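Letter by letter, the chains look like this.
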Amino acid sequence: MPDPAVPPTPPVALSALLAREDLGLRQIAGPRDTNTVIHWAHTSEMADPYPYLLGGELLLSAGVHIPEAAGSGTYFDDYVSRIVAAGGSALGFGLAPVHDTVPRALVEACDTYELPLLEVPPQTTFSGVARAVWQLMAQARHAELRRVTEAQQSLAAAASRPDPVRAVLRQLAQRIGGWAVLYGPEGAESASAGRAPDGQGPEAASAGRAAEATAAGRAAEIAAAGREPGDVVRGALAGLAAVVRPSGPGTPTSATDTAAGTHLAAYALGAGQGFVLGVAAPHRDTGDHTIASVAAVLLSLLTGEHQSGSGAARSSALVRLLLGAEPEAVAPLLGSGGWLVVHGSPDAQPCDPVAAAALGAALGSPLVDLARDVVRVLVPADREPAPQPGWTLGVSAPATARDWPAADTQAARALSHARATRTPLHRHGTHRPALTDLLSPGEAEAHARALLAPLTPPLAETLRTWLSLHGSWDRTAVALAVHRNTVRQRITRCAALLGTDLDDPDVRMELWFALRHGER
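A brief report on the enclosed structure follows. (Residues numbered from 1 in each chain as written. Predicted model: local features only at pLDDT ≥ 70, side-chain atom pairs only at ≥ 80, totals over all residues. Heavy atoms only, no water.)

What follows covers the nonpolar core. Leu155, Leu169, Leu172, Leu277 and Leu299 are the most contacted members of the largest nonpolar core, which totals 30 residues. For this core, the elements supplying multiple residues, two or more each, are α4 (126-158), α5 (164-176), β8 (179-183), β9 (221-226), β11 (262-268), β12 (276-281) and α8 (288-308). Among the elements that make up this core, the one with the highest residue count is α8 (eight residues). If near-sequence neighbours (up to four positions away) are discounted, leucine 155 is found in contact with Val168, Gln171, Leu172, Ile291, Val294, Ala295 and Leu298. Leu59, Ala70, Phe76 and Tyr79 belong to the second largest nonpolar core, which has 21 residues in total. (Core = buried A, V, L, I, M, F, W, Y, C linked by side-chain atoms within 4.5 Å. Buried < 20%, exposed > 50% of the residue type's maximum accessible area, 1.4 Å probe, protein only. Helix = DSSP H or I, 4+ residues; strand = E, 2+ residues; numbered from the N terminus. Contact = heavy atoms within 4.5 Å.)

When helix α2 (residues 75-85) is considered as a whole, its buried residues turn out to be Tyr75, Phe76, Tyr79, Val80 and Ile83. Taken end-on, α2 shows its buried residues confined to a sector of 115°, consistent with a single buried face. Where α2 is buried, its residues touch β5 (57-61), β6 (90-94) and α3 (104-112). Downstream of α2 by one or two residues, glycine 87 has phi in the positive range, about 90°. (Arc of directions from axis to C-beta.)

Another point: the sheet that holds strand β7 (residues 117-120). The pairing of strands in a sheet happens through backbone hydrogen bonds and is either parallel or antiparallel. On the basis of which strands lie adjacent, the open sheet formed by five strands has the order β2-β7-β6-β5-β4 and mixed pairing. Edge positions in the sheet fall to β2 (26-29) and β4 (40-43), since each has one partner strand and no second. Shown here is a sheet whose adjacent strand axes are inclined to one another by a mean of 30°, direction ignored. Inspection of the sheet shows β2 paired to β7 by three bridges, in the antiparallel sense. Note that in β7 the partner of glutamine 27 across the bridge is leucine 118. Along the sheet, α3 contacts β2, β6 and β7; its crossing angle with β2, the most-contacted strand, is approximately 80°. Those strands touched by α4 are β4, β5, β6 and β7, and its axis lies near 165° from that of β4. (Pairing = 2+ DSSP bridges. Axes fitted to C-alpha atoms, helices over the stretch in contact; angles between N-to-C directions.)

Let's shift gears to unusual backbone geometry. Following alanine 96, the chain continues into proline 97 via a peptide bond in cis, with omega recorded as 5°. Assignment of secondary structure puts proline 97 in the loop between β6 and α3. We note that histidine 470 has phi near 60°; this positive angle belongs to a residue other than glycine. Mapping histidine 470 onto the fold places it in the loop between α14 (457-468) and α15 (473-480).

Scope: geometric values only; no functional claims are made or implied.
Next up, the structure:
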């Protein structure tokens, strides 16, 4: 799965490729639409390229597949229609060595089927065209990543202002060039869906439903910013928000639609209170979903505090703890029931406050503590943590406030186990107690580093693989994609550097323990 925080590579405008003077491309047929884009370049001399196209290609051909009598039949019509049916964006026809000019029948077919046809001069190679496409895509991706990064920074700054919800909405509307709205938990209700008042026909019923949806949507709006759309778009967006508002298992967390030429998107906020972010924009660029997702995370945190007053409750709990109150005395301020302590380690270092807040929102809790290399989240026990992309998580057993310190230790050990076994999430108590549970993660890691210090990373990895495969030379060689003699040489080198006998079961056990705790 792609990382949702990184926008996909944007397509390339055909006009940008035509503007490259070094290529000398010339459009000789088809619509000259400045909105035409291409996603990649593909070379094929197949008479029917349909099975080999994914859609969005600039198909390049030198006409090798064209028979001599093609101009007198339907060959070119069939060829071009198949490209269009496959979703091809444009056709590039190379001059020389097969054809000195572009066949007239091909030009006419491209005009008929509205497929842009480019003439590729003899001095321009197809690989040069493909390279230019990739260069333009790289430039577009860099610009889009820069736009997304700047938007993330501005949204985070907006969230720290005195009126954070409206500030975030204003910044989001500015970044997407449209309208952003926050809907409250009470969604749009249609009291007479499918029925028209007496004496009115279906058209009146449809108009009535649209008016009701718009009116209900307006009532549910808490705050909005940007260029306000018309009633049709407004009503459609309110209806889309109802789709993602939590109503039971399987409810989507986001949805998109189009109304009156406007792109719509709705995002259920993670505070669990039924708030929804709605977005309406005249266009949908590649990074807009990423920008809106960042805004949704920030609004999830802000609306969670707005709905429950938990921000003031957390402050009160902190003050009471500092003044000497017992944890069990302040726990009711944070909510009732048991608690889970979750330790999260980001797969990509370092972790910043926005990423930590996003993890807390995904786990359904604003109680987040960001440390140097781990994020700790206090989660109500009735919210079952799930694996999160880009994170390794350790989860404690349910605990009362009195047992929070013990739960914190459990979560730390569970995170160590998840790292050692390379699993995205590990829960305390899901495996039988082992000797490793008797040591703190810091002590185990210090012992491992001291024991394995003489080994280089390649030697340590070879030893770990060899031990995991019970000393099999052949299976280790296959796993590491090296010759079995290389494995023997490396293991012999490990034994010499460590000054130990690798045939001793006690030695193997100690080394396996060290390798599991020293690889992070």
